[in-house]
Amino acid sequence: MKIFLNNRAEEFPGETLLISEMLVLKKFSYKMRIVKINGLLIPRERYESTIIHDGDNVQMIYLMSGG
Amino acid sequence: MRFSEIKDHLAGFRVGIAGAGGLGSNCAVALARSGVGTLVISDFDVIEPANLNRQCYFASQVGTFKTVALKENIARINPDIIVIAHTEKLDKLNIPEIFASCDVIVEAFDSDKMKEMLAETVQTRMPGTPLVMGSGLAGWGKNEAIKFRKIDETLYICGDESTTAGEEMPPMAPRVGIVANMQANTVVEILMKRTRDYFRQ
């Protein structure tokens, strides 16, 4: 499957992907973040149950401490 | 466009600022100087001596609630600005109430957990309200690493998106000020594209 991750086309094996799987595959390790799929923010408690489909626009933004 | 026209346009808008620390106090002052009519500022902390390395307060204000001190400082800069101060901790329940009817919301927290909670709450419970966030501003130097990203019409990120504030990497006035002013600049850009709603209030 091909998705747009942070505005770049990326290939992943299989036809669907959970957000939690995408985070592991991409080694997105910093714990605080925002994930949006096609413009909709997906809260953290839904990372294990939300499926990313072929062609989806996925945004992952790290939220760093400090202000 | 003349500044008098810009100021008149901005006077018709209301901006929410979540947190009145390094990002919030400096962003609020920039927005007040620009003439944004109403600022809704929320914070529950009192000013400590350690805050003065980056936050827009004075030594004589140590021990005062940040909301109270910021309202006072803004009144000294531009008495025409209405400041609505909420001295309470923000959570999923009160955020939509406190920032209801704000045209834009600025995320100005220190803690990454709070940043995430605010983003989840605003983006899911207040759809359509633009959120301007700060992420990554600790330390000094590295001007070239500080960036701005528009994710979509409702989410904007200012900062290097990589440094975490800590003992060995403290937040300091120059970089915090850059990001706070980038946030204010983003707010002004969003509002300058808007048509003013003359019928509100």
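Caption draft 1: The interface of chain A and chain B, seen in detail. In this complex, chain A contributes 20 residues to the contact, which on the side of chain B involves 30 residues. For the pairing of chain A and chain B, the buried interface totals around 2,000 Å² over both sides, and the portion due to carbon and sulfur atoms is 55%. Counting across the interface, chain A meets chain B through three salt bridges. Here Arg44 of chain A ties to Glu116 of chain B by a salt bridge, and the two come within 2.6 Å at their closest N and O atoms. When residues of the side of chain A that touches chain B are traced back to their parent elements, those giving at least two are strand 4 (33-37) and strand 7 (57-62) of chain A.

Caption draft 2: Expanded view of the pattern of salt bridges. Applying the stated criterion across every chain, the model contains ten salt bridges over all chains. Linking Lys31 of chain A and Asp112 of chain B is a salt bridge whose minimum nitrogen-to-oxygen distance equals 3.8 Å. Of this pair, Lys31 of chain A sits in the loop between helix 1 (19-25) and strand 4 while Asp112 of chain B sits in helix 5 (residues 112-125), on two different chains. Accessibility expressed as a relative area gives 45% for Lys31 of chain A, which makes it partly exposed. Its relative accessible area of 8% is what places Asp112 of chain B among the buried residues. One salt bridge in this structure joins Arg194 of chain B and Asp103 of chain B, with 3.8 Å as the shortest N-O distance. Here Arg194 of chain B, found in the segment after helix 6 (173-192), pairs with Asp103 of chain B, found in the loop between helix 4 (95-98) and strand 4 (104-107); they are 91 residues apart in sequence, far enough to count as distant. Judged by its relative accessible area of 29%, Arg194 of chain B falls in the partly exposed class. For Asp103 of chain B, a relative accessible area of 14% puts it in the buried group.

Caption draft 3: Expanded view of the sheet that holds strand 4 of chain B. Residue and element names in this part refer to chain B. Taken together, seven strands build an open sheet; the order of strands is 3-2-1-4-5-7-6 and the sheet is mixed. Because the sheet does not close on itself, it has two edges, and the strands there are strand 3 (82-86) and strand 6 (147-152). Put simply, the sheet's adjacent strands are angled 15° from each other on average, direction ignored. Where strand 1 (residues 14-18) and strand 2 (residues 38-42) come together, five bridges link them in parallel fashion. Within strand 2, the residue paired with Arg14 across the bridge is Thr38. Across the sheet, helix 3 (residues 66-77) lies against strand 2 and strand 3, angled at about 155° from strand 2, the strand it touches most. Of the strands in this sheet, strand 1, strand 4, strand 5 (131-134) and strand 7 (155-159) touch helix 5, which is tilted by about 170° from strand 5.

What counts, and where the lines are drawn
- Residues numbered from 1 in each chain as written.
- Chains lettered and ligands numbered in written order.
- Predicted model: local features only at pLDDT ≥ 70, side-chain atom pairs only at ≥ 80, totals over all residues.
- Heavy atoms only, no water.
- Contact = heavy atoms within 4.5 Å.
- Buried area = accessible area lost by both parts, 1.4 Å probe.
- Salt bridge = Lys/Arg side-chain N within 4 Å of Asp/Glu carboxyl O.
- Helix = DSSP H or I, 4+ residues; strand = E, 2+ residues; numbered from the N terminus.
- Buried < 20%, exposed > 50% of the residue type's maximum accessible area, 1.4 Å probe, protein only.
- Pairing = 2+ DSSP bridges.
- Axes fitted to C-alpha atoms, helices over the stretch in contact; angles between N-to-C directions.

These figures capture arrangement, not role.
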